Amino acid sequence: MSLCLIIDDMHPSLLPMLRSIGVEGDYQPKLLAADVPAALAARPYIGLMVRSKMRITAALLAHGPQLRYVARAGAGVDNIDEEALAAAGVVLVNAPEGNRDAVGEFATGQLLALLRHTVRADAEVRRGEWHREANRGEELGTKTVGLLGYGHMGRAFAQRLRGFGCMVLAHDHDPAVATDGNAELVPLAELQARAEVLSLHIPYSASNHQFVNEEFLAAFAHRIWLVNTARGEVVEQAALVARLQSGQVRGAALDVLENEKLATLTPAQQASYNYLRTAPHVLLSPHIGGWTHQSYQRINEVLVAKIAALGLLVSA
């Protein structure tokens, strides 16, 4: 059997799944990030499986010259230096198929909650208040929803939106992306001209850093609702706050923030966070869009299938 070092918490189904394809998983989820280099050097691991404990860099890979693959347990790979992996001849596999349904459902629920004021109304009733007219909402079926990014997550969301009868537009920077019938692919300028809702489904990368900034938001012809289940760093948070304060953004559902380590916020980040956490037209959640009991196991299934498909790469 070949060896794979697993340094993050995983669903317990993982180890028997790996054994079924001839991989012995060395499960060490309590291993500190600082101790991973020594662990890689101690045994001839062919694979490394990680969630978000640490960045996978060229310096780390140097401690495991025998590595043939890195498996990212989730969709995003922003904590992995893909150029370093390519230079070292290490294959990267991830599992967007594992949590795309969870994200699609979550984004739908958050958008409905925004449009119908359900979180605010719940809090009011719990306080003994009964405000019907102030909580008159909007119907999703009457809206044009714009998706920025049309990969696994965007497609999953579009599939669910189709049942509401709303118009769904999508823009993706990759010209090879094709429609699946659930959304109309349009240029970015057209999306900004027509969308009344903006949902973000782009990965974080250096080129996408604060892609949704003041200039980007100013280009929308309509006042919009914004949903972000992607990465917080793709949004210029201060610009979003300014647009929420002016009413140009009618409401926002944010499952991610520019800095999710709340104890380490800079003064500027703290100021924007203070606004977001008290604004009645903002919904916040702790990066749980893809976080379900079903996706927890399904990610294992996807990763194991992809590792098996590497063929000789899993051989010691």
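In this text, all values refer to a predicted model and were calculated from it rather than measured experimentally.

Quick notes on the rules
Residues numbered from 1 in each chain as written. Predicted model: local features only at pLDDT ≥ 70, side-chain atom pairs only at ≥ 80, totals over all residues. Heavy atoms only, no water. Domains from an automatic or database assignment. Contact = heavy atoms within 4.5 Å. Salt bridge = Lys/Arg side-chain N within 4 Å of Asp/Glu carboxyl O. Polar contact = N/O pair within 3.5 Å; in protein donor to acceptor, adjacent residues only side chain to side chain. Buried < 20%, exposed > 50% of the residue type's maximum accessible area, 1.4 Å probe, protein only. Helix = DSSP H or I, 4+ residues; strand = E, 2+ residues; numbered from the N terminus. Pairing = 2+ DSSP bridges. Expected span 1.5 Å × (residues − 1). Arc of directions from axis to C-beta. Core = buried A, V, L, I, M, F, W, Y, C linked by side-chain atoms within 4.5 Å. UniProt positions renumbered as here; feature names shortened; annotations may be inferred. Right-handed = clockwise from strand over helix to strand, strands pointing away.

Here we take up the domain arrangement of the chain. Each assigned domain of the chain is listed with its residue range as follows: domain 1 (2–94 + 294–310) and domain 2 (99–284). For domain 1 and domain 2, the distance between their C-alpha centroids amounts to 32 Å. Contacts between the two partners involve 7 residues from domain 1, matched on the other side by 6 residues from domain 2. Here domain 1 and domain 2 share 1 salt bridge between them. Our count for the contact surface shared by domain 1 and domain 2 stands at 1 residue pair in polar contact (both at pLDDT 80 or more).

Before going further, it helps to examine the pairing of strand E3 (residues 45–50). Counting buried positions over the 6 residues of E3 gives 6, a clear majority of the element. Two strands pair when backbone bridges link them, and strand E1 (residues 2–6) and E3 are joined in this way by 4 bridges, in the parallel orientation. In the strand pairing of E3, Cys-4 is matched with Gly-47. The pairing of E3 with strand E4 (residues 69–72) spans 4 bridges and is parallel. In the strand pairing of E4, Gly-47 is matched with Tyr-69.

This part covers helix H11 (residues 267–278). Think of an α-helix as 3.6 residues a turn; residues three or four steps apart then line up on the same face. The terminal C-alpha atoms of H11 lie 17 Å apart, and with 12 residues this matches the ideal 16 Å at 1.5 Å per residue to within 8%. For H11, every residue scored as buried is listed here: Gln-269, Ser-272, Tyr-273, Tyr-275 and Leu-276. For H11, the angular spread of buried residues about the axis comes to 160 degrees, placing them on one side. Opposite the packed face of H11, turned more than 90 degrees from it, sit the exposed residues Pro-267, Ala-271, Arg-277 and Thr-278. Against the buried residues of H11 lie helix H10 (237–246), strand E11 (249–254) and strand E12 (282–284).

With that settled, the discussion passes to the nonpolar core. In terms of nonpolar packing, the biggest core is built from 30 residues, with Leu-198, Leu-200, Val-212, Leu-226, Leu-244, Leu-254 and Leu-276 touching the most fellow members. Of all the secondary structure elements, the ones that give two or more residues to this core are strand E9 (197–200), helix H9 (214–218), strand E10 (224–228), H10, E11 and H11. Ignoring anything within four residues of it in the chain, the contact list for Val-212 reads Leu-148, Leu-200, Leu-217, Leu-226, Val-234, Val-235 and Glu-236.

Right, let's get into the pattern of salt bridges. On inspection of all chains with the given rule, the structure shows 15 salt bridges. A salt bridge links Glu-138 to Lys-143; the nearest nitrogen and oxygen atoms lie 2.8 Å apart. Between Arg-155 and Asp-180 there is a salt bridge, with its nearest N and O atoms 3.6 Å apart. Note that Arg-155 is positioned in helix H7 (residues 152–161) and Asp-180 in the loop between strand E7 (167–171) and strand E8 (184–185), a separation of 25 residues in sequence. Taking relative accessible area as the criterion, Arg-155 reaches 25% and is therefore assigned partly exposed. Classification of Asp-180 as partly exposed rests on a relative accessible area of 35%.

Turning to the UniProt feature "domain: D-isomer specific 2-hydroxyacid dehydrogenase catalytic" (unreviewed entry) in the chain, a few remarks are in order. UniProt records the feature "domain: D-isomer specific 2-hydroxyacid dehydrogenase catalytic" (unreviewed entry) at residues 5–307, using the numbering of this structure. Helix and strand shares over residues 5–307 are 38% and 17% respectively, and the end C-alpha atoms of the span are 13 Å apart.

Okay, the pairing of E1 next. For E1, the tally of buried residues reaches 5 of 5 residues, placing the bulk of the element in the interior. Residues Ser-2, Cys-4 and Ile-6 point to one face of E1 and Leu-3 and Leu-5 to the other, with burial holding for every one of them. Direction of pairing for E1 relative to strand E2 (residues 23–27): parallel, over a ladder of 5 bridges. The partner of Leu-5 across the bridge, within E2, is Asp-26. Assessed by its sense of winding, the connection that carries the chain from E1 through helix H1 (residues 14–20) to E2 is right-handed.

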